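# Coordinate analysis (summary)
So you can see what is in the structure, the chains are spelled out below.
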Amino acid sequence: MKAVALTEYLPIEHPHALQDMELERPVPRGHDLLVEVHAVAVNPVDAKVRAPKERVEPHPRVLGWDASGVVVAVGEDVSLFRPGDEVYYAGDITRPGSNQQYQRVDERIVGRKPARLDHAEAAALPLTAITAHEALFDRLGIDPDGADAGRSILMIGAGGGVGSIAIQLARRAGLTVIATASRTETIDWVLSLGAQHSVDHHGDLEDQVQGLGFSNVDHVAIFNDMRHWAAAVALVRPQGSIVAIDDTDLPMPMAGLKTKAASLHWEFMFARPMHQTPDMIEQHRLLNRVADEIDAGRLRTTLARTLSPINADNLRRAHRWIESGQGRGKLVVAGWEGNA
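Along every chain, residues carry numbers that run from 1 in the direction the sequence is written. Only residues with pLDDT of at least 70 get local features here, since the model is predicted, and only at 80 or more are side-chain atom pairs given and counted; chain-wide, interface and lining totals rely on the full set of residues. As a convention, hydrogens and water are excluded, and side-chain values are obtained from all of the structure's heavy atoms.

DSSP bridges decide pairing: two strands pair if at least two such bridges lie between them. Strands here mean DSSP runs of E at least two residues long; helices mean DSSP runs of H or I at least four residues long; both are numbered from the N terminus. Overall, antiparallel pairing links the 3 strands, which are arranged β2-β1-β4 in an open sheet. Strands at the two margins of the open sheet, each flanked by one partner only, are β2 (19-22) and β4 (53-62). Neighbour-to-neighbour, the strand axes of this sheet turn through a mean angle of 40°, independent of strand direction. By the bridge criterion, 4 bridges tie strand β1 (residues 2-9) to β2 in an arrangement that is antiparallel. Note on method: axes are straight lines fitted to C-alpha atoms, helices fitted across the in-contact stretch only, with angles between N-to-C directions ranging 0 to 180 degrees.

Laid out in structure tokens, this is it:
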């Protein structure tokens, strides 16, 4: 089968950073599905894993943690899907990724593909939908059905893939959403997704949010790095909550959080499959709920750009786009050359 993989961790400008390869087609066992991959999305995690480091893989490593495709075979313990089913999923960071024609993935972290979306539109959703859903509803404890309507949330980094889904989910739950964005294109994007307010993350967030009439906000979601940590702590209300998804490379002083008795939650969407948690199947249920919302017209895909076909050249282009930090929504690479 065709695949795009790496053996060395190189700058994305290097022609060997990602390479076209022929790999052996995997065989499903246990709870695994074998999925024929039709489209993949590229996320910041792809660029982070591929980032230059002094390491050489003894075997080609396949990246990619977002896919949409068709089940072609199943393991002996599979009960949720059968061959021919259209599915979408983010996968497991500890296993080979989706940048290959056929991928093994545990059925318990796979959902049915939304019927109204094509594979490219569907591939834009899983990782960010899981991250946004878990961040808001599992970590912050917001009620998805509206019991917390009227509460406020500041989303920092709202124009990216996770924020683009989180805005929609928070509005469905009845929250007031303040989204950070700086460029006209991104401001228009977050407002089109339902955010009621937009503030510039290049400016003083505390002044801007308070200028909107909010002395504090109930929740803060940090969907980029920790450069705005001080503003998040200053703006969250006493006994409020913050959720973050990025690494902790920047300082995060805790004293201000402590004196507010406010809480900090980490969201890492790979935690369930990585640790084989007892509630791992919740990601299957979550993705099916998102598919239902998409098909009912209550959520929309966050696809912003599509490249074709799936090959090393286009995946290198996608990684450059991710590393630029200028993207909004999601970038998808769809279709294998020579396939109908």
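Let us now look at the environment of Asp145. With respect to the element layout, Asp145 can be found in the loop between α3 (126-139) and β9 (152-156). Buried, partly exposed and exposed residues are distinguished by accessible area as a fraction of the type maximum, computed with a 1.4 Å probe on protein chains only: under 20%, between the cut-offs, and over 50%, respectively. Among the residues examined, Asp145 registers a relative accessible area of 71% and is labelled exposed.

Let us look at helix α5 (residues 184-192). Since the α-helix turns once every 3.6 residues, residues separated by three or four places project in the same direction. Within α5, the full set of buried residues consists of Thr186, Trp189 and Val190. For α5, the angular spread of buried residues about the axis comes to 90°, placing them on one side. One or two steps after α5, the chain reaches Gly194, where phi turns positive at roughly 120°. The arc in question is formed by the directions pointing from the helix axis toward the C-beta atoms.

By size, the foremost hydrophobic cluster in this structure holds 81 residues, and its most contacted members are Leu136, Ile153, Met155, Ile167 and Val333. The leading source of residues in this core is α3, at 7 residues. Any two residues having at least one pair of non-hydrogen atoms within 4.5 Å are treated as being in contact. In this structure Ile153 touches Leu136, Leu140, Ala170, Leu175, Thr176, Val177, Ile178, His219, Val220 and Ala221, once residues within four positions along its chain are discounted. By size, the runner-up hydrophobic cluster in this structure holds 22 residues, among which are Ile178, Met226, Ala231 and Leu235. Nonpolar cores are built from buried Ala, Val, Leu, Ile, Met, Phe, Trp, Tyr and Cys residues. Side-chain atoms within 4.5 Å join them into one set.

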